[in-house]
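# Architecture at a glance
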Amino acid sequence: MRGQARSRLWLALLAGLSLCAGEPDAVADTLDLLYIDANVDGSSGGHTALRLGDTVYHYQNDRGYTRLARDGWERFRFVYNDLENRSIDLVRLSVRTEDAERIRERLNLLYLVQSRQVEHLEDLQRDIRLLKSWRDDEPLLMPGAGFFAPISQSATLSRLREQLCEREGPRYLANLQSRYRHRLQSLRYQPVHGRSDASLAPDRYPRYPLTFSERLTDVGARWFAVNAMQGGWAVAEDRLIDVSRLLPPGQASLTAPERVVLARYREQLQATILAELARESPAGGPALLLALARLEAVGATLDSGHLLVLDILPSRPASELRELSAEDRAALIMLAERLHERLRQQRAAALSSAEPDEIAYQRLELAGSELHEIEQGLATGRALRVSRDAGPPEGLGYIRPPLPTVGHAELDHWPRQAEEQAAAFLARLRAHYGYQLLTRNCVTELARAIHSSFPDTPAIRAALGAYIEPGAEQGFIPFRFFELARQRYRAQAVRHLPAFRHRAIERLLAAHDDWLTAIRESMTLSSSVYESRAGDSAFLFFTERQPPWARPLLGSLNLGYALGVSAFGTLSAPFDQGLRLAEGLRGALFSLPELAGWNIRKGSFDELTVRAVSRDAP
């Protein structure tokens, strides 16, 4: 019964629930300070961010250091306001266009510099994994290799091979293969630090030498790409999606203008491939494999008349895949309807422009991949992959490149060296950007970053209307800093974006304005809007919109309920790995502030469900 009620509710909300309810307009030079309400775990103290136009900058605690994040407003609001069910308050700051641009440039510089530093750490950690795979004689995980099936043949890559032979000579690919084989067999691990600049200056872009993993990935991908061209390998059947089958019959066929755009894109991809083979840009091997896979997809589209795109959803371990429930299926059916329209829009955007657009084409790939995944899941009931990664498609696959034969002593020693390198660099990151609850957190670092956009304190006052010392006057607390900014900066009116659950309930009450509905929706066990999720902790009553005098009473009931779940979890621990016990204990922990009249916990929502019922979900 409850599942049927939830499905009816989603259908009702589908008619008009908007992700952007109450969302303020933004233009390129607007500056908004954001306070994001608290929720469980790392967000229990709230959060602060700065919105410049349609871009949001905010600091997060990442493995013990503060990291500057840069997100599009649509995605940021979707994650915090909908999935994490946290209300957002915004105050628009009155600043000159040139000052807003100065802040944007400074934050972009800080973001790019720190992102490169973190990428370098990830490369050092990838060294460890690749060296251990080499030591253990295991295949190596390679970006781009997963797109291809060496046992199948591609007419497109066979034609490309013939063109290369005509243009560069019959031995061109064989010579390239020999060159890459020699480079692979010459590879040795060498620590990159101690002999190079390992700069952590926050405003100077670092130039690190290529790590072992970067060199191996680049050359290994090139070696694999040449093998694919020599063998005329096709894209693997399970990595190619026939978009035409996902469209209504009248829209399935390619139009003449679409064929023209795709023919131009094929020429562009061929030119990119030839240029990359000639110039060998650093770390360009995976991009070469992606271009080859897309060339095959475009060529197969033009040959067959069916719109074919790569499946760019990432592979997931079986333990991470989402199994479909009955409620998932109801949400998926609604989401599929939306994605059919999004696929049509992305097809028009990618295939109607005068010149090929790589970004638009990747959006078409993503729309086709997600819709194909959903329809396959509905047809088979199998696990579901979902991705919101905006980066380039990875196409991970395993290969066995011709690595050199080295002694066991070296193969045992190199991973330990790599671990020492990665650990030392991580320690430096933590020392430089170290997170401290009171003195270096999401609030203080954002304030310092904004201040560093200007040469001195008088310039800060001239630009913002006041200078607020980072962390002073309890300004390390997100809500307190927001209040200080609202009072002292040149601030306009505060705007409020209610959390997803609040918007859903308000819409429900508009249709059924009675006290029974309000009571039902105030409890987790009876709510038709919310369903308890792992990680939300065990609780019975929502307290965030209750008057302060009622919270201690409801908090005590939540505490008793959580302790009861913990007791039952003690008995079920041998069967559920202690998950119920952990949820009960966390529920008790987050009930304690409610006894004092404070609310932290608000529950959260599943991306699949929110995207199904929200028309503007990213």
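Residues numbered from 1 in each chain as written. Predicted model: local features only at pLDDT ≥ 70, side-chain atom pairs only at ≥ 80, totals over all residues. Heavy atoms only, no water.

## Quick look at the overall build of the protein
If you tally the helices and strands in the protein, you get 19 helices and twelve strands. Across the 618 residues in the protein, those meeting the buried criterion constitute 52%. Across the protein, contacts joining residues at least 24 apart in sequence account for 78% of those joining residues at least 6 apart. (Helix = DSSP H or I, 4+ residues; strand = E, 2+ residues; numbered from the N terminus. Buried < 20%, exposed > 50% of the residue type's maximum accessible area, 1.4 Å probe, protein only. Contact = heavy atoms within 4.5 Å.)

## Comments concerning the nonpolar core
Formed by 90 residues in total, the largest nonpolar core has its most connected members in F148, M229 and I273. Grouped together as the second largest cluster of nonpolar side chains are 33 residues, L33, Y35, L110 and C442 included. (Core = buried A, V, L, I, M, F, W, Y, C linked by side-chain atoms within 4.5 Å.)

## Examining the packing of helix α7 (residues 256-279) against helix α8 (residues 285-304)
Packed helices, taken two at a time, are described by their axes: the angle between them and the distance between them. Following both chains from N to C, one finds α7 and α8 inclined at 150 degrees, their axes separated by 9 Å at the closest point. Classified by the interaxial angle, the pair formed by α7 and α8 is roughly antiparallel. As for how α7 packs across α8, the hand of that crossing is left-handed. Across the interface between the two elements, R259, L262, A263, Y265, R266, L269, Q270, I273, E276 and L277 of α7 pack against L288, A291, L292, R294, L295, V298, G299, T301 and L302 of α8. Tallied by class, the residues present in the contact of α7 with α8 amount to twelve nonpolar, three polar and four charged. (Axes fitted to C-alpha atoms, helices over the stretch in contact; angles between N-to-C directions. Parallel < 35°, antiparallel > 145°, perpendicular 65-115°, else oblique. Left-handed = near helix turned anticlockwise from the far one by under 90°. Nonpolar A, V, L, I, M, F, W, Y, C, P; charged D, E, K, R; others polar.)

## A few points about the side chain of N227
Its place among the elements puts N227 in helix α6 (residues 212-231). By relative accessible area, which is 12% here, N227 ends up buried. Within polar-contact distance, the side chain of N227 engages the side chain of Q177 at 2.3 Å. Sequence-distant contacts of N227, that is, excluding residues within four places in its chain, are made with Q177 and W233. (Polar contact = N/O pair within 3.5 Å; in protein donor to acceptor, adjacent residues only side chain to side chain.)

## A closer look at the confidence of the model for the protein
Here the protein shows a mean pLDDT of 87. Residues at 70 or above account for 89%. A low-confidence stretch, residues 1-25 stays under pLDDT 50, and its non-local contacts, those more than four residues away or across chains, total 69 contacts. (pLDDT = per-residue confidence, 0-100.)

## Description of the packing of aromatic side chains
This structure, assessed with the given rule, holds 16 aromatic pairs. Arranged with centres 6.3 Å apart and planes meeting at 25 degrees, the rings of W73 and F76 form a pair that is stacked. Linking W73 with F76, this pair stays in helix α2 (residues 73-83), spanning three residues, or about one helical turn. Across this residue pair, the class does not change: W73 and F76 are buried. Residues Y530 and F605 carry aromatic rings whose centres are separated by 5.9 Å and whose planes lie at 85 degrees to one another, so their mutual orientation is edge-to-face. In this pair, Y530 is assigned in the loop between α16 (515-521) and α17 (551-576) and F605 in the loop between α18 (579-595) and α19 (607-613), connecting sequence segments 75 residues apart. Note on accessibility: Y530 and F605 belong to one class, buried. (Phe/Tyr/Trp six-rings, centres within 6.5 Å; stacked < 30°, edge-to-face > 60°.)

## Thoughts on the pairing of strand β5 (residues 88-93)
Extensive coverage of β5 is indicated by the burial of five of its six residues. Examined bridge by bridge, strand β1 (residues 31-36) and β5 share six bridges and lie antiparallel to one another. Along β5, the bridge assignment pairs D32 with R92. In this sheet, strand β12 (residues 491-497) lies alongside β5 in antiparallel orientation, the contact comprising five bridges. By the bridge assignment for β12, L93 is matched with A491. (Pairing = 2+ DSSP bridges.)

## Some points on the sheet that holds strand β2 (residues 47-52)
Across the sheet, six strands lie side by side as β4-β3-β2-β1-β5-β12; this open sheet has antiparallel pairing. Edge positions in the sheet fall to β4 (65-72) and β12, since each has one partner strand and no second. Along the sheet, successive strands turn relative to each other by an average axial angle of 25 degrees, direction set aside. Sheet contacts for helix α12 (residues 442-451): β1, β2, β3 (55-62) and β4; angle to β2, the most-contacted strand, approximately 30 degrees. Of the strands in this sheet, β1, β2, β5 and β12 touch helix α14 (residues 478-488), which is tilted by about 150 degrees from β1.

## Remarks on the pairing of β4
As defined by bridge partners, β3 adjoins β4 across eight bridges and the pair is classed as antiparallel. Looking across to β4, one finds that H58 is bridged to A69. Hairpin connection from β3 to β4: two residues lie between these consecutive antiparallel strands, with R63 at a positive phi of about 55 degrees.

## Concerning the packing of helix α3 (residues 97-135) against α6
Two elements in contact, α3 and α6, have axes separated by 7 Å at closest approach and are oriented at 70 degrees. Classed by the angle they form, the pair α3 and α6 counts as roughly perpendicular. Residues R116, D123, R126, D127, L130, L131 and W134 of α3 form the contact with α6, whose own contacting residues are F212, S213, E214, L216 and T217. Across the contact of α3 with α6, the residue classes break down as five nonpolar, two polar and five charged.

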